[in-house]
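Here is how the chains run, residue by residue.
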Amino acid sequence: MRLASQACLMIFTLGNLVASQSQSPGWKDAISTTIINFNNEKMQITWATRELFSSENVSFSYTFDEGTHKIWKPCPTYLLDQGYNSGCLFKTEGPTLAISIRNNNGSEEFFSKRLKSDFYIKPNRPENVTFFWKDDTVTVSCNKPERSVKCLRLELQYKSKFDKDWQSRTSKCCRVGEQGFDPRKCYSLRVRLKRLVPYCNVVNYSSDWEAETLWMNGTLLDSCDDNIKSQSNTVMVLSCLLAVLLMILILLILLCKWQRLQKSVMPAVPDPKYVFVDLFNAHNGNFQEWIDKTDHAMVQTKLEYEEPECIIEAESQQEDEKNSDKQGPQEKIFSFSRAAENNDSKAAQIACLMSTSNTISSFAGLQILRNDDMYVML
């Protein structure tokens, strides 16, 4: 069934092409025309007769009527090329169109053609285009046209700044999806509608591209350069902040080192106000009273730490001399601990004397030698 319909369509297309050609003798066959049916609303037909009719202008007429009773209409709006008529723009009124190009007064026909206007449709731009992002997949959709939806295809083109050429994806109207988008890249996206050839059109007409948009990870951007600048600005701000923190840390370390060096090389001079605090607080600024009290305190301090003097009585010396004459020269060994236990006053006097000497001392004609904690009398 499908093959039969396709065959009928091809036969109809070929019949239309044969019927649309007006076989005129001579140079009339050289006139070429361009036919565009804008969304089946307006027809635009242009021709190249400027080179063939340089000395005169031509007229254009058309009709959508069929049969023998045709009503030819003059061109409502001419397209000009250097002051000469080179095309005509008029409203689409039916599927079958017949055109005629004649001389200025219409008495002589230069070119004629019969065609199917539905085979020259150029669709309008897609309306209400929406982009849906999910992970690495982008789905684009638009509103469905009121007619000829089966003959339309929705084409998506995209590229990043790393791509030289556009990547294309085409699907049935009016939804198309594509995978493999990198969320870290900025993409340029654009869409348009296309007519199927040769089933619906004899000419491969597509709509104009919808306005190009810039996207990155589902976010609409004004410019890919703005995104790069924002990232670079963020990196720059973070780098500057890190550098400032590092400099502050280095300054703190150098300050601590400098304070230690300053204390070791140049010790701090004491503040006099702390030395003379008693002069003003305790003595109300009376310097004489303050200095007298200070000298008295210093004298007491010296007396407290003065070493005790050894006092030897004359009687003790005489008794020692007598005893030494009777006994003769003899070594005596005293132990300070034992002398203390027996309360020997003479030994105590000797110990007192010996505490002021580290080696050899003389007492009452005796020589005393110190050996660690023992003393030997000679």
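Cut-offs and rules
- Residues numbered from 1 in each chain as written.
- Predicted model: local features only at pLDDT ≥ 70, side-chain atom pairs only at ≥ 80, totals over all residues.
- Heavy atoms only, no water.
- Core = buried A, V, L, I, M, F, W, Y, C linked by side-chain atoms within 4.5 Å.
- Buried < 20%, exposed > 50% of the residue type's maximum accessible area, 1.4 Å probe, protein only.
- Helix = DSSP H or I, 4+ residues; strand = E, 2+ residues; numbered from the N terminus.
- Contact = heavy atoms within 4.5 Å.
- Patch = residues over 30% accessible without salt bridge, like charges linked within 9 Å, V, L, I, M, F, W, Y side chains within 5 Å.
- Areas by Shrake-Rupley, 256 points an atom, 1.4 Å probe, with all protein chains shown as cover.
- Salt bridge = Lys/Arg side-chain N within 4 Å of Asp/Glu carboxyl O.
- Disulfide = S-S within 2.5 Å.
- Polar contact = N/O pair within 3.5 Å; in protein donor to acceptor, adjacent residues only side chain to side chain.
- Pairing = 2+ DSSP bridges.

### Quick notes on the nonpolar core
Alright, step 1. Ranked by size, the top nonpolar core spans 22 residues in total, and within it I45, W47, F60, Y62, F90, L97 and I99 carry the most contacts.
Alright, step 2. Elements with a minimum of two residues in this core: strand 1 (33-38), strand 2 (42-47), strand 3 (58-63), strand 6 (84-91), strand 7 (96-103) and strand 8 (109-116).
Alright, step 3. Beyond its immediate sequence surroundings of up to four residues, I99 is in contact with I45, F60, S61, Y62, W72, F111, S112 and K113.
Alright, step 4. Within the second largest apolar cluster, 18 residues are counted, among which are C142, V176, V191 and W215.

### Details of a nonpolar patch on the surface
Alright, step 1. The grouping of L241, V244, L245, I248, L252, L255, W258 and L261 at the surface amounts to a nonpolar patch, some 770 Å² of accessible area in total.
Alright, step 2. Mapped onto the elements, L252 comes out in helix 2 (residues 224-265).

### Topic: the state of the cysteines
Alright, step 1. Across all of its chains, the model carries four disulfides by this definition.
Alright, step 2. Two residues, C75 and C88, share a disulfide whose sulfurs are 1.9 Å apart. Judged by the torsion about the S-S bond (110 degrees), the C75/C88 disulfide is right-handed. Of this pair, C75 sits in the loop between strand 4 (73-74) and strand 5 (77-81) while C88 sits in strand 6; the two residues are 13 residues apart in sequence, bridging distant segments of the chain.
Alright, step 3. In this structure C75 comes out as buried when scored by relative accessible area, which is 9%.
Alright, step 4. A sulfur-sulfur distance of 1.9 Å marks the disulfide that ties C186 to C224. Negative torsions about the S-S bond denote left-handed disulfides, and the value of about -70 degrees found for C186 with C224 makes this one left-handed. Of the two residues, C186 is situated in the loop between strand 14 (175-178) and strand 15 (187-195) and C224 in helix 2; the sequence distance between them amounts to 38 residues.
Alright, step 5. Note on C224: relative accessible area 17%, which makes it buried.
Alright, step 6. Left without a disulfide partner, C142 is nearest to the cysteine sulfur of C174, which lies 3.9 Å away.

### Regarding the side chain of Q157
Alright, step 1. For Q157, the location among the structural elements is in strand 12 (residues 152-160).
Alright, step 2. Among the polar contacts listed, one links the side chain of Q157 to the side chain of E155, at a separation of 3.2 Å.
Alright, step 3. At 2.7 Å, the side chain of Q157 forms a polar contact with the side chain of R190.
Alright, step 4. Setting aside anything within four residues of it in sequence, one finds Q157 in contact with W166, Q167, S168, S188, L189, R190 and W209.

### Some points on the pairing of strand 7
Alright, step 1. Most of strand 7 sits out of view: seven of its eight residues are buried.
Alright, step 2. The sheet contact formed by strand 3 and strand 7 spans six bridges and is antiparallel. Looking at the pairing, S61 lines up with S100 of strand 7.
Alright, step 3. Here strand 7 runs beside strand 8; their pairing, made up of seven bridges, is antiparallel. Note that in strand 8 the partner of S100 across the bridge is S112.
Alright, step 4. Once strand 7 ends, the chain turns through five residues before running back antiparallel as strand 8, passing G106 with a positive phi of about 80 degrees.

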